[in-house]
Amino acid sequence: AQTVTQSQPEMSVQEAETVTLSCTYDTSENNYYLFWYKQPPSRQMILVIRQEAYKQQNATENRFSVNFQKAAKSFSLKISDSQLGDTAMYFCAFIIIQGAQKLVFGQGTRLTINP
Amino acid sequence: DAGITQSPRHKVTETGTPVTLRCHQTENHRYMYWYRQDPGHGLRLIHYSYGVKDTDKGEVSDGYSVSRSKTEDFLLTLESATSSQTSVYFCAITGQGNTEAFFGQGTRLTVV
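Reading the values: rules and limits
Residues numbered from 1 in each chain as written. Chains lettered and ligands numbered in written order. Predicted model: local features only at pLDDT ≥ 70, side-chain atom pairs only at ≥ 80, totals over all residues. Heavy atoms only, no water. Helix = DSSP H or I, 4+ residues; strand = E, 2+ residues; numbered from the N terminus. Rg over C-alpha atoms; globule rule 2.2 N^0.38 Å. Buried < 20%, exposed > 50% of the residue type's maximum accessible area, 1.4 Å probe, protein only. Contact = heavy atoms within 4.5 Å. Areas by Shrake-Rupley, 256 points an atom, 1.4 Å probe, with all protein chains shown as cover. Lys, Arg positive; Asp, Glu negative; His and termini not counted. Charge placed at Lys NZ, Arg CZ, Asp CG, Glu CD. Polar contact = N/O pair within 3.5 Å; in protein donor to acceptor, adjacent residues only side chain to side chain. Salt bridge = Lys/Arg side-chain N within 4 Å of Asp/Glu carboxyl O. Nonpolar A, V, L, I, M, F, W, Y, C, P; charged D, E, K, R; others polar. Pairing = 2+ DSSP bridges. Axes fitted to C-alpha atoms, helices over the stretch in contact; angles between N-to-C directions. Disulfide = S-S within 2.5 Å. 1 Å grid on protein atoms, 1.4 Å probe; cavity = no way out; pocket = protein on both sides within 12 Å on 5 of 7 lines; lining within 4 Å. Points joined across faces, edges and corners; volume = space filled by probe spheres on them.

Q: Got a minute to help me understand the overall build of chain B in this structure?
A: Secondary structure assignment for chain B yields zero helices and eleven strands. In sequence order, the secondary structure elements of chain B are arranged as β-β-β-β-β-β-β-β-β-β-β. For 112 residues, the compact-globule estimate of 2.2 N^0.38 gives 13 Å, and chain B sits close to it at 13 Å. C-alpha extents for chain B along the principal axes are approximately 40 × 25 × 25 Å. Each of the 112 residues in chain B was classed as buried or not, and the buried ones make up 50%. Contacts in chain B between residues far apart in sequence, at least 24 positions, make up 54% of those at least 6 positions apart. Accessible area of chain B: about 5,100 Å², with a carbon and sulfur share of 46%. For chain B, the centre of its 11 positive side-chain charges and the centre of its 12 negative side-chain charges are spaced 3 Å apart.

Okay, structure coming up:
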């Protein structure tokens with residue numbers, strides 16, 4: 001079974017601080033992609049960052065970076081210099097790159113950035 | 001933005017009535033998904049499709065059926081709606097290579 005677990009239902013930090021969101025997953029497959037999606041109050045789903053499992057180098061996108069530990073099946077998101085606009089739900093997800101390609105999400109972490 | 005639309009955007013229906021939600025894409029993507037979003041549960045997969053007439057169940061498929069008779073449309077049907085199916089429903093699509101999933105705007109369904 002393919003599962004994603006986000007163990008932090010809610011987090012709250014001050015503006016400009018750094019925050020790390022945790023994600024673990026379970027799969028027996030070897031080829032997959034991992035994602036972090038952001039969902040602001042508008043309900044729109046926005047891709048934050050993507051990691052190919054075959055790449056050892058951690059992905060970065062401006063203030064967003066990941067710590068990908070394939071052996072531990074861990075995929076955490078670090079947000080540096082947090083901004084008020086980062087307040088949102090964050091979802092971790094992965095997809096197997098073969099077969100029926102089921103896209104599976106975690107339970108989400110509600111992140112609040114305080115002024 | 002990817003061409004993916006859901007209809008209706010909002011619906012209120014009575015317990016026991018059938019309901020069909022539509023997901024329409026203009027991207028010619030092969031894979032389509034239906035999720036429900038509930039507080040504390042994140043996005044849970046209901047059904048997904050990997051081609052025309054090729055569908056499979058997700059983790060919360062009971063009470064739901066789907067159909068995909070053409071590439072661009074993926075229909076989700078609640079045969080007899082129950083209050084536990086009150087939720088926000090999202091459709092998503094991915095293409096070959098799966099570099100990103102694109103989402104519809106969501107449908108808020110209330111079963112009274």
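Having put the structure on the table, let's press on.
Q: Mind showing me how you'd approach the side chain of Q85(B) here?
A: Residues and elements named next belong to chain B. You can see Q85 is positioned in the loop between β8 (73-78) and β9 (87-94). A distance of 3.3 Å separates the side chain of Q85 from the backbone oxygen of G63, its partner in a polar contact. The contacts of Q85, once residues within four sequence positions are left out, are R36, D62, G63, Y64, L78, S80, L109 and V111.

Q: Would you mind showing me how to read the interface of chain B and chain A here?
A: One widely used convention gives an interface's size as the accessible area the parts lose upon coming together. Across the contact, 26 residues belong to chain B and 21 residues belong to chain A. Connecting chain B to chain A are zero salt bridges. Listed by contribution, the elements that provide at least two residues to the side of chain B that touches chain A are β4 (31-38), β5 (42-51), β9, β10 (101-103) and β11 (107-111) of chain B. Looking at the side of chain B that touches chain A, the element that brings in the most residues is β5(B), giving five residues. For the side of chain B that touches chain A, the per-class residue count stands at eleven nonpolar, twelve polar and three charged.

Q: In this structure, what is going on with the sheet that holds β8(B)? I would like to understand it.
A: Sheet strands pair via backbone hydrogen bonds, and the direction of the pair is either parallel or antiparallel. Residue and element names in this part refer to chain B. If you walk across this open sheet you meet the four strands as β1-β3-β8-β7, and the pairing is antiparallel. The open sheet has two free edges, formed respectively by β1 (4-7) and β7 (64-70), since each of these has just one partner strand. Looking at each pair of strands side by side, their axes are set apart by 20 degrees on average, direction ignored. Sheet topology places strand β3 (residues 19-25) next to β8; six bridges connect them, and they run antiparallel. Opposite L21, over in β8, you have L76 as the bridge partner.

Q: Looking at this structure, how should I read the state of the cysteines?
A: A covalent bond bridging the sulfur atoms of two cysteines is what the word disulfide describes. Residues and elements named next belong to chain B. Under the counting rule described, the total for this entry stands at two disulfides over all chains. Between the sulfur atoms of C23 and its disulfide partner C91 the distance amounts to 1.9 Å. When the S-S torsion is -70 degrees, as for the bridge of C23 with C91, the disulfide is left-handed. Linking C23 in strand β3 with C91 in strand β9, this pair joins segments that are 68 residues apart in sequence.

Q: I tried to follow the pattern of salt bridges on my own but got confused; where do I start?
A: Where charged atoms from two side chains of opposite charge approach closely, those side chains can pair. Applying the stated criterion across every chain, the model contains seven salt bridges over all chains. We note a salt bridge from R63(A) to D86(A), for which the minimum N-O separation is 2.9 Å. A residue pair is termed long-range when its members are at least 10 positions apart, and R63(A) in the loop between β7 (60-61) and β8 (64-69) and D86(A) in the loop between β9 (74-79) and β10 (88-96) qualify at 23 residues. As a salt-bridge pair, R36(B) and D38(B) come within 2.8 Å of each other at their nearest N and O atoms. Here the two residues R36(B) and D38(B) agree in accessibility, since each one is buried. The network of salt bridges with common partners includes R22(B), K70(B) and D73(B).

Q: Teacher, can you tell me more about the layout of surface pockets here?
A: Rolled over the atoms, a probe as big as a water molecule pinpoints where empty space is left. Empty space within the largest pocket amounts to approximately 540 Å³. Lining the largest pocket are 25 residues, and of these Q39(A), M89(A), R110(A), Q37(B) and P39(B) lie nearest its centre. For the lining of the largest pocket, the residue count by class is nine nonpolar, eleven polar and five charged.

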